[in-house]
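A structural walkthrough
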Amino acid sequence: MELTMKQYLTTPIYYASGSPHLGHAYTTFVADCYKRYYRVRGHDVILTSGTDEHGQKIERTAQQCGQPIDSFINKRSNEFRHLWQKLDIELDVFERTTAASHKDLVIDLWQRIADNGDIYKSHYEGLYCVDCEQYFTAGDDCPVHRKPLENFSEQSYFFCLSRYQQKLIDHIEANPDFIVPESRRNEVLSFLKNNELHDLSISRTSTRWGVEVPGDSDHVIYVWLDALAAYLSALGPLGSVKFEQYWPNTTHFIGKDILLFHAVYWPAFLWSAGLDLPRRLVVNGWLTVEGRKISKSDPDTIVDPLSLIDSISSDGLKYYFLKTVRLGQDLDFQQSHLVELLNADLANNVGNLFSRFVKLFAKHFPQGLTQDPLKLSAANNELRLAVGGKADAFEQAIENYEVSLAARIFIDTAGLINASIQQSEPWKIDDKFELSEYLWTLHHCLADLTILGASFVPELIEKARTSLNLGKNATWQDLGCNSSEVSVGSIDALFPRI
Ligand code: MSP
């Protein structure tokens, strides 16, 4: 665990050309899980998301929909914002690339790169995919969108990306956890070692919808340079106190589709502008439907998260994807599996555990009970330690970005406590002292369990903590140190069966 107390986390800035879908939600769940984990650890965390609103792709889509571009992007951007609220995502900043403060930052960034001698004007001719907003060197169709590539020929400003090839390789080799998981790191390294980096076209004359190049109003700044800069502008102007405090400890959560932009272009832009690199890129795989990536360009694959919230709940969605997807790998989405897993893990295992315990406790000790932790029997101590040991494993998993493993450890811990109850049959214990000691131990174990679960099922955990008469926010320091006096309140179903 790093000592630093400031953490800056980001999701991608999603394109405002379409409505949000489950794929966008998944990356956001991962970022939200880390925001909550770091907060439990006592860190000071900022989580940023937002919308990417410039470029030809957005301009064309608005035209195709027959809508003025401003109202088109406002509507889409609001859809994202609304979804994150409904999904209980703890965003601190929602950055829009059309905001005036963002445009100022893009110009500042451009100027710094230009001052460093890394921008020159030339002519570009090549194949372009508007959906990717990216040039391709060969091929008829875009490999991602499977649409014909368009021939573009334009005057353009270029960024001297080729200068940074060796520096990129050195940085990735010297910082093994700059890109996680390792398979993605290897992919970038092999790309950099086996391909010659060409200078990058960073302006367009084919659209007016963007930030003008300083001093040349015929050109707008390439939408990816514009979009990446949103990570900076979300912290305020370069050099501001907030920026200086948070930027050095940045983690970008992204999908594998945008790895090249983040692992190659972005570090080179930042170096050129004299800025630090983010600490880490955490790369997720794709959610697919019948093997096809969920994507707005493939309408049959679209799953609207809003349509699932009422029946599944935001906790249910978060938990399902965080537990089921091994971070970095793809997952084919099946709703029947989702229902099965949530009923087993959250309704039966965790939910029943808390309600069974709270009801039993309230029946025998409605006024609460007191126990000297130092005078606990060996068997009760053993249970306490077993649960404490799970917290160490949980910490290791989450720090290693093994999110699915961390979720499994949480559920196994609930399973372990359940098994103890099953074996001890406290409802049959006649001795009041023995029962009191055991229920105190269980209270203690469940308090620890809430600390692990807070990153995955925050609403459920908040309710559980209220029922255990604990403070609303779980903190890591409270692990293993329940107070000698404990009590419970009332309890409703924490996770009703779906
Ligand atoms: N606007 C750019 C990102 C700029 S960041 C400076 C963009 N936007 S996007 O709307 O296309 O979102 C891409 C991201 O959404 C992916 O990198 C990933 O995080 C998430 N996902 C979109 N579809 C996804 C799946 N089907 N599965 C998992 N994640 C997916 O690219």
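Owing to the predicted nature of the structure, the values given are computational and were not obtained by experimental measurement. (Residues numbered from 1 in each chain as written. Predicted model: local features only at pLDDT ≥ 70, side-chain atom pairs only at ≥ 80, totals over all residues. Heavy atoms only, no water.)

1. Notes on the site of the ligand
Spelled out, the test is: Residues are labelled near a given molecule or strand when at least one of their non-hydrogen atoms is within 4 Å of it. Under this definition, polar contacts are N or O atom pairs within 3.5 Å; protein pairs additionally need one hydrogen-donor-capable and one acceptor-capable atom, and for neighbouring residues in sequence, both atoms have to be side-chain atoms. For every accessible area listed, the method is Shrake-Rupley and the probe measures 1.4 Å; residues are considered covered only by the protein chains on display. Elements are defined by DSSP. Helices are runs of H or I of four residues or more, strands are runs of E of two residues or more, and each kind is numbered from the N terminus. In this count, Pro and Cys sit with the nonpolar residues alongside Ala, Val, Leu, Ile, Met, Phe, Trp and Tyr, while Asp, Glu, Lys and Arg are called charged and the others, Gly among them, polar.
In the vicinity of the ligand there are 24 residues, among which Ile13, Thr27, Asp52, Leu287 and Ile294 approach most closely. At 2.7 Å, a side-chain N or O of Asp52 approaches a nitrogen atom of the ligand. Leu287 places a polar main-chain atom, nitrogen or oxygen, 2.8 Å from a nitrogen atom of the ligand. Burial of the ligand by the surrounding chains reaches 96%, relative to a free accessible area of 670 Å². Contributions of two or more residues to the shell around the ligand are made by β1 (6-15), α1 (22-40), α7 (223-228) and β12 (250-255). Among the elements that make up the shell around the ligand, the one with the highest residue count is β1 (four residues). Counted by class, the shell around the ligand contains 13 nonpolar, eight polar and three charged residues.

2. Digging into the nonpolar core
Soluble globular proteins: nonpolar side chains tend toward being buried together. Under the convention used in this document: Take the buried Ala, Val, Leu, Ile, Met, Phe, Trp, Tyr and Cys residues and link them wherever side-chain atoms come within 4.5 Å; each set so joined is a nonpolar core. Each residue's exposure class comes from its accessible area (1.4 Å probe, protein chains only) as a fraction of the maximum for that residue type: buried when under 20%, exposed when over 50%, partly exposed otherwise. Whether two residues are in contact is decided by their heavy atoms, any of which lying within 4.5 Å being enough.
Grouped together as the largest cluster of nonpolar side chains are 97 residues, with contacts concentrated most on Tyr319, Phe321, Phe394 and Phe456. No other element matches the 12 residues that helix α13 (residues 335-364) contributes to this core. Once residues within four sequence positions are removed from consideration, Tyr319 is found in contact with Leu341, Leu342, Asp345, Leu346, Ala407, Phe410, Ile411, Phe456 and Val457. Among the nonpolar cores identified, the runner-up in size contains 74 residues, and Phe72, Val93, Tyr222 and Ala234 belong to it.

3. Structural notes on unusual backbone geometry
Residue Pro181 is bonded to the preceding Val180 through a cis peptide linkage, with omega at 0°. Of note, Pro181 is situated in the loop between β7 (179-180) and α6 (182-194). Here the phi dihedral of Arg146 falls at roughly 55°; this positive angle occurs in a residue that is not glycine. By the secondary structure assignment, Arg146 is in the loop between β5 (134-136) and β6 (150-159). Backbone geometry at Glu290 places phi at a positive 50°, although glycine is not the residue there. Note on Glu290: relative accessible area 68%, which makes it exposed.

4. What to know about the sheet that holds β5
Rules: A pair of strands is considered paired only if DSSP assigns at least 2 bridges between the two.
Taken in spatial order, the four strands make up an open sheet running β5-β4-β6-β8, and their pairing is antiparallel. At either end of the open sheet lies a strand with only one pairing partner, and these are β5 and β8 (200-201). Judged from the 10 bridges that link them, strand β4 (residues 119-129) and β6 form a sheet pairing that is antiparallel. In the strand pairing of β6, Lys121 is matched with Tyr157.

Functional significance is not addressed by these values, which are geometric in nature.
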